[in-house]
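One letter stands for each residue in the lines below.
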Amino acid sequence: MSTVNKVLAFQTLNKFSNARVQLIAGLRDAGYTLETARGVVIEWACGKVGSGVKGFKVNDETGKVSLITSHAKYEAAKTTVRDVMLMMAGTTRRQSSGSKEVDLVAEALKAYGKLNAAQKRKFLASV
């Protein structure tokens, strides 16, 4: 029969419950913000999933770092990058993928703006 160590479990939970704060503080101390950290997170994620420097590329003109979509470890690296960036933003996969509230009036006005003059006259006549 195995024994459980509640103190050790609480220490572990306490350590990881502060992970988001430690991540944000650590990257801030390193000089990165949510907006500027994506490149270094991509490089780190490629190393983490085993694709190394072959899993990302740096644009010569802009210096922007991006994942190589044809790499075998692309999906794993993409998921890792997304999770870290969402953690830094203070959200989760579930929250970010949820349906967004849509302003129906704004959508109707947007659709109306795309109509040509004849379609607008026909629409106004039907209302």
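Keep in mind that what you see is a predicted model, and the values were worked out from it rather than measured.

J.: What am I meant to see in the environment of Met85 here?
T.: Structurally, Met85 can be placed in helix H4 (residues 74-89). With a relative accessible area of 12%, Met85 lands in the buried category. Met85 sits 57 residues away from Arg28 along the chain, and the two C-alpha atoms are 13 Å apart. Leaving out residues up to four positions away in the same chain, Met85 has contacts with Leu34, Arg38 and Val41.

J.: I'm lost on the pattern of salt bridges in this one. Help?
T.: Working definition: two side chains of opposite charge can pair if their charged atoms are close together. Following the criterion strictly, the structure yields 2 salt bridges and no others. Note that Arg28 is salt-bridged to Asp29, the shortest N-O span being 3.9 Å. Neither Arg28 nor Asp29 differs from the other in exposure class; each is exposed. Between Lys78 and Glu75 there is a salt bridge whose closest N-O contact spans 3.5 Å. Of this pair, Lys78 and Glu75 both sit in helix H4, separated by 3 residues, roughly a single helical turn. Residue class for Lys78 comes out partly exposed when judged on its relative accessible area of 34%.

J.: What's the story with the packing of aromatic side chains in this structure? I'm lost.
T.: Between two aromatic rings, the relevant description is the distance of the centres plus the angle of the planes. In the structure shown here, the tally under the stated rule is 1 aromatic pair. Between Tyr112 and Phe123 the ring centres are 5.8 Å apart and the planes differ by 55°, which places this aromatic pair in the tilted class. Of this pair, Tyr112 sits in helix H6 (residues 104-113) while Phe123 sits in helix H7 (residues 117-126), and the two are 11 residues apart along the sequence. You can call Tyr112 partly exposed: its relative accessible area is 27%. The ring centre of Tyr112 lies 5.3 Å from the NZ or CZ of Lys120, which sits over that ring.

J.: Is there a simple way to explain the packing of helix H3 (residues 38-49) against H4 in this structure?
T.: Each pair of packed helices can be described by the angle between their axes along with the distance between the axes. In the contact formed by H3 and H4, the axes pass within 9 Å of each other and the chain directions differ by 135°. The orientation of H3 relative to H4 falls into the category oblique. The chirality of how H3 crosses H4 is right-handed. Of the residues in H4, those in contact with Arg38, Val41, Ile42, Trp44, Ala45, Cys46 and Val49 of H3 are Ala76, Ala77, Thr80, Val81, Val84 and Met85. When its residues are assigned to classes, the contact of H3 with H4 shows 11 nonpolar, 1 polar and 1 charged.

Analysis parameters
For every chain, the first residue of the written sequence is number 1, and numbering continues from 1 along that sequence. In keeping with the model being predicted, local features are shown solely for residues with a pLDDT of at least 70 and side-chain atom pairs are shown and tallied solely at 80 or more, while totals for entire chains, interfaces and linings include all residues. The basis for every side-chain value is the complete set of heavy atoms in the structure, and neither hydrogens nor water enter the calculation. Helix and strand definitions here come from DSSP, where helices need a minimum of 4 consecutive H or I residues and strands a minimum of 2 consecutive E residues; each element is numbered from the N-terminal end. Each residue is assigned to one of three classes by its accessible area relative to the maximum for its type, calculated with a 1.4 Å probe on protein chains only: buried under 20%, partly exposed between the two thresholds, exposed over 50%. Between two residues, a contact is recorded if the distance between any of their heavy atoms is within 4.5 Å. Each salt bridge in this description consists of a side-chain nitrogen of Lys or Arg and a carboxyl oxygen of Asp or Glu lying within 4 Å of one another. Working definition: rings of Phe, Tyr and Trp (its six-membered ring) pair if their centres are within 6.5 Å, and the pair is stacked with planes under 30 degrees apart, edge-to-face with planes over 60 apart, and tilted otherwise. Placement of a charge over a ring requires the Lys NZ or Arg CZ to be within 6 Å of the ring centre, with the centre-to-atom vector within 35 degrees of the ring normal. Axis lines are fitted to C-alpha atoms, over the contacting stretch for helices. Their N-to-C directions set the angle, which ranges from 0 to 180 degrees. Reported orientations rely on four angle classes, namely roughly parallel under 35 degrees, roughly antiparallel over 145, roughly perpendicular from 65 to 115, and oblique for the rest. Note on convention: the crossing is left-handed when the near helix lies turned anticlockwise from the far helix by less than a right angle, right-handed when the turn is clockwise. Just so you know the grouping, Ala, Val, Leu, Ile, Met, Phe, Trp, Tyr, Cys and Pro go in nonpolar, Asp, Glu, Lys and Arg go in charged, and all remaining residues, Gly too, go in polar.

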